[in-house]
Amino acid sequence: MSGAVPEGDRQRRERIAENLRAVRERAARACEKAGRPAQDVTIIAVTKTYPASDVRILAGLGVTDVGENRDQEAAPKAAATADLRLTRHFIGQLQTNKAKSVARYADMVHSVDRERLVAALGARARVEGRELGCLVQVDLDPGSAAGVIGPRGGADPRDVPAVADRIAEEEGLALRGVMAVAPLGGDPAEAFARLRTVAEDIRARYPQARVVSAGMSGDMEAAIENGATHLRVGTALLGGRGPNVG
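These lines cover the structure that appears in this document, whether it is placed above or below. (Residues numbered from 1 in each chain as written. Predicted model: local features only at pLDDT ≥ 70, side-chain atom pairs only at ≥ 80, totals over all residues. Heavy atoms only, no water.)

1. As for the pattern of salt bridges
Pairing is possible between side chains that carry opposite charge, provided their charged atoms lie close to one another. Going through the model one piece at a time under the given rule, you end up with 19 salt bridges. Between Arg10 and Glu14 there is a salt bridge, with its nearest N and O atoms 2.6 Å apart. Taken together, the residues Arg10 and Glu14, both in helix 1 (residues 7-34) and four residues apart, mark about one turn of the helix. The class of Arg10 is partly exposed, set by a relative accessible area of 35%. (Salt bridge = Lys/Arg side-chain N within 4 Å of Asp/Glu carboxyl O. Helix = DSSP H or I, 4+ residues; strand = E, 2+ residues; numbered from the N terminus. Buried < 20%, exposed > 50% of the residue type's maximum accessible area, 1.4 Å probe, protein only.)

2. Description of the pairing of strand 3 (residues 87-90)
Sheet faces and side chains relate simply in a regular strand, where the side chains alternate between the two faces. Taken together, the four bridges between strand 2 (residues 65-68) and strand 3 define a ladder with parallel strand orientation. Its bridge partner lying in strand 3, Asp65 is registered against Thr87. Across two bridges, strand 3 lies against strand 4 (residues 108-112) in parallel orientation. When the bridges of strand 4 are listed, Phe90 appears paired with Val109. For the crossover that starts at strand 3, traverses helix 4 (residues 99-105) and ends in the parallel strand 4, the hand is right-handed. (Pairing = 2+ DSSP bridges. Right-handed = clockwise from strand over helix to strand, strands pointing away.)

3. Overview of the nonpolar core
Ranked by size, the top nonpolar core spans 65 residues in total, and within it Val109, Leu121, Ile167, Leu195 and Leu231 carry the most contacts. The dominant element in this core, judged by the number of residues it contributes, is helix 1, at seven residues. The residues touching Val109, leaving out its near neighbours within four places in the chain, are Phe90, Leu94, Val102, Leu121, Leu132, Gly133, Cys134 and Leu135. In this structure, Met108, Val181, Val211 and Met216 belong to the second largest nonpolar core, which totals six residues. (Core = buried A, V, L, I, M, F, W, Y, C linked by side-chain atoms within 4.5 Å. Contact = heavy atoms within 4.5 Å.)

4. Things to note about the packing of helix 6 (residues 160-169) against helix 7 (residues 188-205)
When two helices pack together, their arrangement is captured by the angle between the axes and the distance separating the axes. At a minimum axis separation of 11 Å, helix 6 and helix 7 run at an interaxial angle of 40 degrees. As judged from the angle between their axes, helix 6 and helix 7 are oblique. Of the two elements, helix 6 crosses helix 7, and the hand of that crossing is right-handed. On helix 7, the residues touching Val160, Pro161, Ala164 and Asp165 of helix 6 are Val198, Ile202 and Arg205. Classifying every residue of the contact of helix 6 with helix 7 by side-chain character gives five nonpolar, no polar and two charged. (Axes fitted to C-alpha atoms, helices over the stretch in contact; angles between N-to-C directions. Parallel < 35°, antiparallel > 145°, perpendicular 65-115°, else oblique. Left-handed = near helix turned anticlockwise from the far one by under 90°. Nonpolar A, V, L, I, M, F, W, Y, C, P; charged D, E, K, R; others polar.)

5. Considering the environment of Glu68
Positionally, Glu68 belongs in strand 2. When its relative accessible area of 7% is taken as the criterion, Glu68 is described as buried. Separated by 38 residues in sequence, Glu68 and Ala30 have C-alpha atoms that sit 25 Å apart.

Here it is, written out as structure tokens:
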């Protein structure tokens, strides 16, 4: 029949809608337990490895924020869904030579962890005539060391204030807060409690830096308990894939 939705597309939409309801319910329960209003927490749908058609399904279900880990996938997917009114988050490790591309489509970069990257993003944001929101990625691994970027990205907590200062000073960039990934095999609640301390310190210096990006499919409750404002959720929404993407 003309105009009919293919069965596979309909089933995919129903599955994503069911998953989205479950994620929202989990977040709402965690917020209630933490004494926080549910509207304080934004769910970022991490669409890495999934097609632009899934982005369209999510947008149709009321999702306003989407995230990607790799520019090679994020850039063409952003172009393919440019007609959608979405806030686009870049959440993966970022090389300075990719700053030019990311600055064209991202609204917020979660993985800013060194001053050289700050300079590259600022230069490209000015060329594009855009303001780019930035989060300082914090390395929560137990073996983190001052002056060293973690293997999964992130500045040692002692280096975070200096990176935050550089973002705040850089024309074209706006300091929005902090981000972190819980250590592999560690206690996420303990790690996110340390992130909360870092976030509070940055917010005391820069009151506008209120975003705390923490928590994925497996640890969102611990993140919400410790003040997360943004959850990066992929697997629970769209299905299983590689590690560290939600």
